[in-house]
Amino acid sequence: MTKFRTLDDLGDLTGKVALVRVDLNLPMQDGAVTDDTRVRASAPTILELAAKGAKVLLLAHFGRPKGERVSTMSVSMTLDAVQAVLGKEVMFVPEIAGPVVEQAVGILRPGDIAMLENTRFWKGEEKNDPELAKAIAANGDIYVNDAFSAAHRAHASTEGLAHLLPAYAGRSMEAELKALEAALGNPVRPVAAVVGGAKVSSKLDVLTHLVTQVDHLIIGGGMANTFLAARGVNVGKSLCEHDLAATAEAILDAADGASCTVHLPYDVVVSKEFAANPPSLRTCNVHEVAADEMILDLGPLAVEALADVLKTCRTLVWNGPLGAFETQPFDAATVALARSAAALTKEGALTSVAGGGDTVAALNHAGVADDFTYISTAGGAFLEWMEGKELPGVKALEQA
Ligand code: ADP
Ligand code: MG
């Protein structure tokens, strides 16, 4: 693994100013934060820096204000939630650079924390403008990036700053990079990947990269339909990208060439209408889907076979649910395979890493979130990692 500095490389920071990029892009409803997971993820980093005596300046974006001051997108909307999680008072500073920030730094005592305004109120943020980065850096002594979820963007606060100040990965960033390294960078083999979700078109780069990296590629969800159709299976009314048949074939060929075994389901759960517990619900072989039926989940035989595949593997990376899990009973395959993976992980037989917005929801629904080795909530950044892309925010830390 390429080396990057962590908080372990920092000694006493009394009086030093730490600029800390965190993720405060929190879901809100009626002015209140509905989920503080992201704050809790970075709390250890913030508190550790404060405990070392640093004056901690939090940097984050909130929404998409596109370079304008938009009052409804002030990051101060998250202030109460951040103070509650940290258990400490946090000063809000309505700027990210210049004399107002300088003044705030003068007022803060070692160990105090301040939150700077939404970085995206300034046009230079998303342009990664070196002048803006310089102006921000002028008020800091070190830079800590703890926002893996923003690391796929080369912005001033996620990339530019890392070149101007001694740069460190925060604890959450460090944990995420270690987990992803264990899953895909330098994994213990054999490695299985589960790729599910709605569409092949949204995950083409993921599939193309994974066939060269993993020993078993398990395809589920709507995307399995596209592969089955490419193989000549009649998938009826199923969600299916028929125009991607050649692409699906090419991915299967590439897998062949790379000795990656692709697993497609041989039984499926179908119904004539997409509703909870529909009267037309049945399980059948993939070759028996009627013209007026749609495939909404993998069948129990497929799940049993996939669980056996996982038993032979040491590492699992998972993105995408196996079925339309939001609607009962089309969550069955996802829940069952997730529980198998969780059990193997608990036994110490498997390292399991998962990510993706709906995937996290599905694994929570299955009640296994705590039993996986690591669950990434990073969304876009996690997917880009699965595509084999270099993330600018990570690369900048490695160079630092
Ligand atoms: P993630 O957000 O984890 O990357 P995706 O957004 O790619 O996952 O896919 C999740 C969606 O795929 C879910 O809303 C789920 O209902 C849908 N899905 C899975 N299987 C099917 C299927 N067979 N037919 C229709 N939709 C499906
Ligand atoms: Mg999704």
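Report follows, based on the coordinates. (Residues numbered from 1 in each chain as written. Chains lettered and ligands numbered in written order. Predicted model: local features only at pLDDT ≥ 70, side-chain atom pairs only at ≥ 80, totals over all residues. Heavy atoms only, no water.)

## Considering the packing of aromatic side chains
Quick note on the threshold: Each pair of aromatic rings taken from Phe, Tyr and Trp, with Trp reduced to its six-membered ring, is defined by centres within 6.5 Å and is described as stacked if the planes are under 30 degrees apart, edge-to-face if over 60, and tilted in the remaining cases. Here the term buried applies to any residue with accessible area under 20% of the maximum for its type, exposed to any over 50%, and partly exposed to those in between, with areas from a 1.4 Å probe on protein chains only. Cation placement over rings: the criterion is NZ of Lys or CZ of Arg within 6 Å of the ring centroid and within 35° of the ring normal.
All told, the structure shown has 3 aromatic pairs when counted by the stated rule. Judged by centre distance (6.3 Å) and plane angle (35°), the ring pair of F121 and W122 falls under tilted. For W122, a relative accessible area of 21% puts it in the partly exposed group. One Lys or Arg, R5, reaches over the ring of Y168 and ends 5.1 Å from the middle of that ring.

## Section: the sheet that holds strand β15 (residues 315–319)
To keep it simple, the criterion reads: DSSP-based pairing: two strands are paired if at least 2 bridges between them are found. Every helix listed is a DSSP run of H or I at least four residues long, and every strand listed is a run of E at least two residues long, numbered separately from the N terminus. For every element, the axis is a line fit to its C-alpha atoms; helices are fit only across the contacting stretch, and the angle between N-to-C directions ranges from 0 to 180 degrees.
Read from one edge of the open sheet, 6 strands run β11-β10-β9-β15-β16-β17, paired in parallel fashion. The open sheet has two edge strands, β11 (261–263) and β17 (374–376), and neither has a second partner. Each strand axis lies, on average, 15° off the axis of its neighbour in the sheet, ignoring direction. As defined by bridge partners, strand β16 (residues 351–355) adjoins β17 across 3 bridges and the pair is classed as parallel. Within β17, the residue paired with V353 across the bridge is Y374.

## A few points about the site of ligand 1
Rule in force here: Near, as used in this document, describes a residue that has one of its heavy atoms within 4 Å of the molecule or strand being considered. Here a polar contact is recorded for every N or O atom pair within 3.5 Å, except that within protein the pair must consist of a potential hydrogen donor and a potential acceptor, and residues adjacent in sequence are included only if both atoms are side-chain atoms. All accessible-area figures derive from a Shrake-Rupley calculation using a 1.4 Å probe, and residue coverage is judged against the displayed protein chains alone.
Inspection of the region around ligand 1 gives 17 residues, with K203, G323, E326, D358 and T359 positioned closest. For ligand 1, a nitrogen atom lies 3.1 Å from a polar atom in the backbone of I295. Residue N319 places a side-chain N or O atom 3.2 Å away from an oxygen atom belonging to ligand 1. Calculation on ligand 1 without its partners gives an accessible area of 580 Å², and the protein chains cover 82% of this total. Here the shell around ligand 1 gets 3 residues from one element, more than from any other, and that element is helix α12 (residues 357–366).

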